[in-house]
Amino acid sequence: MNFDEIIYDKKDRVATVTMNRPEKMNAWTPKMGAEMRTAMMDAERDPEIGAIIVTGAGRAYCAGADMGSLSNIASGNATARTPEKPDPWMNDKRSDYQTSYSWPMALNTPVIGAINGACVGLGFTTCLYQDIRIASENARMGLIFVQRGLAIEHGSSWMLPRIVGLANAVELAITGRLVDANEALEMGLVNRVVPQDKLMATAREIASGIANKCSPLGVAQAKKMIYQHLFTDLATGIRDDDASMEMMTRSNDFKEGVKAFVEKRAPKFTGK
């Protein structure tokens, strides 16, 4: 697969998608977004891939929407956005996931963000839909929209309070300020902070652990249950979890997991 604005690599059951506009601090363009979706959907459909890492080339993760696009919008010269091509894979997913940026929540494959630098605006928004976020000590994160005469976008108003709590979410949204990696960790915005030179190794260690030690079926079910139950009550969560667990006990992965434990060896899961 050939791409212009990303780098796509698959190795040792882990796919890595790298935003590759370093001279523009990986500012987001519709083309880059489309290429990322194509690559990540390819990884989702590949039975040999168990986890996806998303990161940025150079010194930034993603500095938000490309300023050329924003300037065109501000001047009234922007052309109508081209509708995204429908993906049959999404037809049976929740409508909540059938949007331009929330769709990673519907992937069975876990998505790990390796935030290597500036992560602002639209870059920040897309991170909210990742499953695990690892930040380097160089990371700086924020919404910034109110400092550009805008507000909040693409469901951040729904996702952010559920990740960092209401008070932190409101402050980030109405001040537009950036937080460093350690403050992001304190508020739960990221899972870990590591030295810059350890970022990709840490992300790959986590991704490899999921891809090579965990049942693909179990990972997909766990992710599905957690996100699905953001929209439901406890009683529904209990019922769905129990039904999911009962289904899992009839799976080949469960049988293999128990057998591997008894035989003191690494499991060979198939996702079935």
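Notes on the structure follow.

Rules used in this analysis
Just so you know, the residues in each chain are numbered from 1, in the order the chain's sequence is written. For a predicted model such as this one, the threshold for reporting local features is a pLDDT of at least 70, and the threshold for listing and counting side-chain atom pairs is 80 or more; totals across whole chains, interfaces and linings nevertheless cover every residue. Only hydrogens and water are removed before side-chain values are computed, so all heavy atoms of the structure are retained for them. Helix and strand definitions here come from DSSP, where helices need a minimum of 4 consecutive H or I residues and strands a minimum of 2 consecutive E residues; each element is numbered from the N-terminal end. Each residue's exposure class comes from its accessible area (1.4 Å probe, protein chains only) as a fraction of the maximum for that residue type: buried when under 20%, exposed when over 50%, partly exposed otherwise. All accessible areas in this document rest on Shrake-Rupley with a 1.4 Å probe, and a residue is counted as covered only by the protein chains that are shown. For two strands to be treated as a pair, DSSP must find at least two bridges joining them. Only buried residues count toward a nonpolar core, which is a set of Ala, Val, Leu, Ile, Met, Phe, Trp, Tyr and Cys residues joined through side-chain atoms within 4.5 Å. Should any heavy atoms of two residues lie within 4.5 Å, those residues are considered in contact. We count a salt bridge whenever a side-chain nitrogen from Lys or Arg sits within 4 Å of a carboxyl oxygen from Asp or Glu. Under this scheme, a helix contributes an axis fitted over its contacting stretch, all axes are lines through C-alpha atoms, and angles between N-to-C directions fall in the 0 to 180 degree range. Note on terminology: angles under 35 degrees are roughly parallel, angles over 145 are roughly antiparallel, angles of 65 to 115 are roughly perpendicular, and the others are oblique. Crossings are classed by handedness, with left-handed meaning an anticlockwise turn of the near helix from the far one by less than a right angle and right-handed meaning a clockwise turn. In the scheme used here, Gly and all other residues not listed as nonpolar or charged are polar, with Ala, Val, Leu, Ile, Met, Phe, Trp, Tyr, Cys and Pro taken as nonpolar and Asp, Glu, Lys and Arg as charged. Two kinds of site are reported from a 1 Å grid over the protein atoms alone, namely cavities, where a 1.4 Å probe fits but cannot get out, and pockets, open sets with protein on both sides within 12 Å along at least five of seven lines, and residues are called lining when an atom falls within 4 Å of a point. Grid points are joined across faces, edges and corners, and a volume is the space filled by probe spheres set on the points.

**With respect to the overall build of the protein chain**
Check the secondary structure of the protein chain and you find 10 helices and 10 strands. With respect to the principal axes defined by its C-alpha atoms, the protein chain has extents near 65 × 40 × 40 Å. Taken across its 272 residues, the protein chain has 46% of its residues classed as buried. Accessible surface, the protein chain as shown: approximately 14200 Å² in total, 55% of it carbon and sulfur.

**Things to note about the pairing of strand S2 (residues 14–19)**
Counted residue by residue, S2 has 6 buried out of 6 residues, so it is predominantly covered. The alternating pattern of S2 places Val14, Thr16 and Thr18 and Ala15, Val17 and Met19 on opposite faces, both of which are buried. Bridge count between strand S1 (residues 6–11) and S2: 6 bridges; the pairing is antiparallel. For Asp9, the partnering residue across the bridge sits in S2 and is Thr16.

**What about the nonpolar core?**
Of all hydrophobic cores here, the largest spans 52 residues; its most connected members are Ile115, Met141, Leu160 and Leu189. Top element by residues in this core is helix H1 (residues 30–45). It accounts for 6 residues. Leaving out residues up to four positions away in the same chain, Met141 has contacts with Ile115, Cys119, Phe124, Arg177, Leu178, Val179, Ala184, Leu189 and Val190. Membership of the second largest hydrophobic core comes to 14 residues, among which are Ile112, Ile134, Ala203 and Ile210.

**Quick word on the sheet that holds strand S4 (residues 60–62)**
Pairing in this open sheet of 4 strands is mixed, and the strands run S4-S6-S8-S9 from one edge to the other. The open sheet has two free edges, formed respectively by S4 and strand S9 (179–180), since each of these has just one partner strand. Note that strand S8 (residues 140–142) and S9 share 2 bridges and pair antiparallel. From the neighbouring strand, Arg140 faces S9, where its bridge partner is Asp180.

**Observations regarding the pattern of salt bridges**
Opposite charge on two side chains permits pairing when their charged atoms draw close. Per the stated rule, a full pass over the model turns up 13 salt bridges. Each of Lys10, Asp42 and Asp46 takes part in salt bridges that share partners, so that together they form one network.

**Description of the packing of helix H4 (residues 156–164) against helix H5 (residues 166–175)**
The N-to-C vectors of H4 and H5 enclose an angle of 130°; their axes lie 7 Å apart at closest approach. When the interaxial angle is binned, H4 and H5 end up oblique. As for how H4 packs across H5, the hand of that crossing is right-handed. Of H5, the residues touching H4 (which contributes Leu160, Pro161 and Val164) are Leu166, Asn168, Ala169 and Leu172. Residues belonging to the contact of H4 with H5 are distributed by class as follows: 6 nonpolar, 1 polar and no charged.

**Side note on the layout of surface pockets**
Taken as a whole, the second largest pocket spans an internal volume of roughly 430 Å³. What lines the second largest pocket is a set of 23 residues, and nearest its centre among them are Asp46, Pro47, Ile49, Thr109 and Pro216. Elements represented by at least two residues in the lining of the second largest pocket include exactly H1, helix H7 (199–213) and helix H8 (216–228). Residue contributions to the lining of the second largest pocket peak at 4 residues, all from H8. Classifying every residue of the lining of the second largest pocket gives 12 nonpolar, 6 polar and 5 charged.

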